[in-house]
Amino acid sequence: MLDMRMSEDGENGALHLSSLAKGNSVSHERQRLQTPLTARRLAKQNEDVAGLAGGEVTTFQPRPPSLPKLTRFVKSVSLEETLRTRRIHNSQESLSDRAGTGSSTDSLKEDPAAPAVFALSGRDDDQDSPDFRGRGSSLLSGSDGRPHSQQSSSEERPAKVRLSPLQPRGPLPALERSFVSAPLRTSNRIDRDCLDYKMPGKQKLGERSHSQLEDMGSDDISVNTLKSFYSVLSPIRPQDMRNRSFLEGSVLGSSALLGAEELERYFPNRTLGIYIVTWNMQGERFLPANLNDLLLPTDSEFAQDFYVVGVQEGCQDKREWEICIQETLGPHYVMLYAASHGVLYLNVFTRRDLIWFCSVPEHSTVTTRIISQIKTKGALGIALTFFGTSFLFITSHFTSGDSKVYERVLDYNKIIEALTLPKSLPDTNPYRSELSDVTTRFDQVFWFGDFNFRLNKDRADVEAIMARTVGGDMSTLLEHDQLSKELKDGSIFKGFKEAPICFFPTYKFDIGCDKYDTTSKQRTPSYTDRILFKSRNPKEIKVVKYNSCSSVRTSDHRPVIGVFQVKVRPGRDNVPLCAGQFDRGLYLEGIKRRMAARELKRAKEGMTSPSTVCSIS
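Residues numbered from 1 in each chain as written. Predicted model: local features only at pLDDT ≥ 70, side-chain atom pairs only at ≥ 80, totals over all residues. Heavy atoms only, no water.

- Within an unreviewed UniProt entry, the label attached to the chain reads Phosphatidylinositol polyphosphate 5-phosphatase type IV, and the organism entered is Oryzias latipes.

Details of unusual backbone geometry
Thinking step 1. A cis amide bond links Leu421 to the next residue, Pro422, at an omega of -5°.
Thinking step 2. Tracing the backbone through its elements, the reader meets Pro422 in the loop between helix 14 (405-418) and strand 10 (444-450).
Thinking step 3. Here Glu313, not a glycine, exhibits a phi torsion of approximately 50°, which is positive.
Thinking step 4. A positive phi angle, near 55°, is found at Phe387, a position not held by glycine.
Thinking step 5. With respect to the helices and strands, the residue Phe387 is situated in the loop between strand 8 (378-386) and strand 9 (389-397). (Helix = DSSP H or I, 4+ residues; strand = E, 2+ residues; numbered from the N terminus.)

Here's the deal with helix 13 (residues 318-329)
Thinking step 1. Taking 1.5 Å per residue as the helical rise, helix 13 with its twelve residues ought to reach 16 Å, and the 17 Å between its terminal C-alpha atoms agrees with that figure.
Thinking step 2. Within helix 13 the residues assigned to the buried category are Trp321, Glu322, Ile323, Cys324, Ile325, Gln326, Thr328 and Leu329.
Thinking step 3. Residue Asp317 occupies the N-cap position of helix 13, its side-chain oxygen lying 3.3 Å from the main-chain nitrogen of Arg319. (Expected span 1.5 Å × (residues − 1). Buried < 20%, exposed > 50% of the residue type's maximum accessible area, 1.4 Å probe, protein only. Polar contact = N/O pair within 3.5 Å; in protein donor to acceptor, adjacent residues only side chain to side chain.)

Concerning the pairing of strand 9
On a regular strand, each side chain points to the face opposite its neighbour's, so the side chains alternate between the two faces of the sheet.
Thinking step 1. Within strand 9, nine of the nine residues are buried, leaving the element largely enclosed by the surrounding structure.
Thinking step 2. In this sheet, strand 9 lies alongside strand 8 in antiparallel orientation, the contact comprising nine bridges. Pairing of Leu380 across the sheet is with Thr395, part of strand 9.
Thinking step 3. With antiparallel pairing between neighbouring strands as the criterion, strand 8 and strand 9 make up a hairpin whose turn holds two residues, including Phe387 at a positive phi of roughly 55°.
Thinking step 4. As paired strands, strand 9 and strand 10 are joined by seven bridges and run parallel to one another. Within strand 10, the residue paired with Thr395 across the bridge is Phe448. (Pairing = 2+ DSSP bridges.)

A short note on the sheet that holds strand 10
Thinking step 1. Pairing is mixed in the open sheet, where five strands are placed in the order 7-8-9-10-11. The open sheet has two edge strands with one neighbour each: strand 7 (362-367) and strand 11 (529-535). The sheet shows a mean angle of 15° between the axes of neighbouring strands, taken without regard to direction.
Thinking step 2. Bridge count for strand 7 against strand 8 is six bridges, and the pairing is antiparallel. (Axes fitted to C-alpha atoms, helices over the stretch in contact; angles between N-to-C directions.)

Describing the side chain of Thr469
Thinking step 1. Assignment of secondary structure puts Thr469 in the loop between helix 15 (459-468) and helix 16 (475-478).
Thinking step 2. Side-chain polar atoms of Thr469 contact the backbone oxygen of Ile465, separated by 2.8 Å.
Thinking step 3. Leave out the neighbours within four places in its chain, and Thr469 touches Met474 and Phe504. (Contact = heavy atoms within 4.5 Å.)

Notes on the pattern of salt bridges
Thinking step 1. All chains considered together, the criterion is met by 23 salt bridges.
Thinking step 2. Between Arg265 and Glu262 there is a salt bridge, and its shortest N-O distance comes to 2.7 Å. Here the residue Arg265 and the residue Glu262 both occupy positions in helix 11 (residues 260-266), the gap between them amounting to three residues, near one helical turn.
Thinking step 3. For Asp556, the salt bridge goes to Lys508, with nearest N and O atoms at 3.5 Å. Of the two residues, Asp556 sits in the loop between strand 12 (541-548) and strand 13 (560-567) while Lys508 sits in the loop between helix 17 (482-489) and strand 11, which places them 48 residues apart along the sequence.
Thinking step 4. Residue classification places Asp556 among the buried positions, given a relative accessible area of 7%.
Thinking step 5. A relative accessible area of 14% means that Lys508 is categorised as buried.
Thinking step 6. Within the structure, one salt-bridge network assembled from shared partners comprises Asp427, Asp443, Arg536, Glu540 and Arg569. (Salt bridge = Lys/Arg side-chain N within 4 Å of Asp/Glu carboxyl O.)

Describing the side chain of Arg459
Thinking step 1. Note that Arg459 resides in helix 15.
Thinking step 2. Looking at Arg459, the relative accessible area reads 13%, which means it is buried.
Thinking step 3. A distance of 2.8 Å separates the side chain of Arg459 from the side chain of Glu463, its partner in a polar contact.
Thinking step 4. In terms of polar contacts, Arg459 uses its side chain to reach the side chain of Gln522, at 3.1 Å.
Thinking step 5. Beyond its immediate stretch of four places on either side in the chain, Arg459 contacts Tyr516, Asp517, Gln522, Arg523, Thr524 and Pro525.

Some points on the sheet that holds strand 13
Thinking step 1. Strand order across the open sheet formed by six strands is 5-6-4-3-13-12, with mixed pairing between neighbours. In this open sheet, the two edge strands, each paired with only one partner strand, are strand 5 (333-341) and strand 12. Averaged over all neighbouring strand pairs, the angle between strand axes comes to 15°, with direction disregarded.
Thinking step 2. Summarising the sheet, strand 12 and strand 13 pair through seven bridges and their orientation is antiparallel. The residue bridging Asn547 from the neighbouring strand is Ile561, located in strand 13.

Okay, here's the thing in structure tokens:
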């Protein structure tokens, strides 16, 4: 019976020890610790536990560190609260560090509720007792079996709680298919200085939706990110390249080279700028010193997209004239096409990045003289297609003479019937075309030149009217203009319009000065040089500027310039494209002279400027 009782007591003691180590008998332990223990009862309990376990217990008790001196500001905490704090710490540590490898700095947070120094409630003599301090240290160290010396150092530091990983309550939402990335948008941002055009109001770069990215589930910001990642150009998918043909395309879709998307990328408001010059050079051998005032006036904010220059009685060296134009316009422009008919010259320059959207230009000539070999009077026309809009530029020189109005009307009728244009270019609207009038076969027509229409008034009367003119109102003078009368009657230039004239007559001047003809003939000043325009659709041509260039005085005529804004439509890829062809030799020669002139100017400025190194006073 005694042996059975001892075995039962041993088993109960072992179970009790196991439950104590695992922390399952929490309430019993709290009840035992509520009564202060003396050193003798503590030693007796250790002996009983060792006897129940059936073995010897070797205790390692190094000298405990001295407790910090308690002050009156330290909050005393009961042993029950201390054990609860340690158990929470151990349980959180076991949850977050399953492998026992330690904690990461990301998951550690200080517990503001845990005090830095623990003061055990009880009598003062119990706190000073070394046995009690050892008991308190062993109880606070937990059941991890570490030496007391390692545990005491951790208790001196502020207690830290390791947070357990947060588990989602339900399934996470699916990620959106968006390419938006703040770092990408920052690193690939396009500077405003790199933009060729100022985008108006709501048509800024990237705000327009791209059909090529619609299937990818992106938004406007994503489009900006992708565009800036590659270049300013819109991205092209390989599938679009497989389905498109630049030579046989017949759809106005976004994949067309001349389609709406490509047009809006270069011209968001679908407006093209055209600069037109007409000038009777009087066959002068020497050209002006520079053409800046003629082609690049200071009152213009921006340069235009196309420069079309028509000359009557041109200089002897046509190539030299073209080089002067190229040198003035600079490297941003190239000569798309040039044609001549005797002393009639017509040149078309365009921005070099727009040449890919131009068709192959075509030209035709007409002689209005009785003898066709004499090519001083007649017309020269150039036709081309830009995107889906067809253009016709005509420069002409009509019969001269104050009273030869009827002959000039005959010249006009012969020109519109004899110009054989277009040749291979498709007609954009064949239902509105007429075989007897070349101007009806194109969307936008510009006709300019020396029409030789005069003022039906004596010179003295004309000069008196000019003296009374205030604020550029030339309506009184235009009442005697032959061309204005014929336009009202509808006998010439049917369907054409002219911008209001606010400049003085451009003919006839003494060369090198601003005085009208002082020779014995005493010719009456007249508006012989004009620019007219015609459009298939009303209000598609807007006049920006219409004026004469009074600073060019090398001829008895003053040049006339006109700036226009023209609406452009998308087109088909079935037109014969010029494929980027231009006069490369002219381009290189013009740029070479431009650089040489700049170096010469710098050299002259260096010679005339005083030296700051050596000066003699």
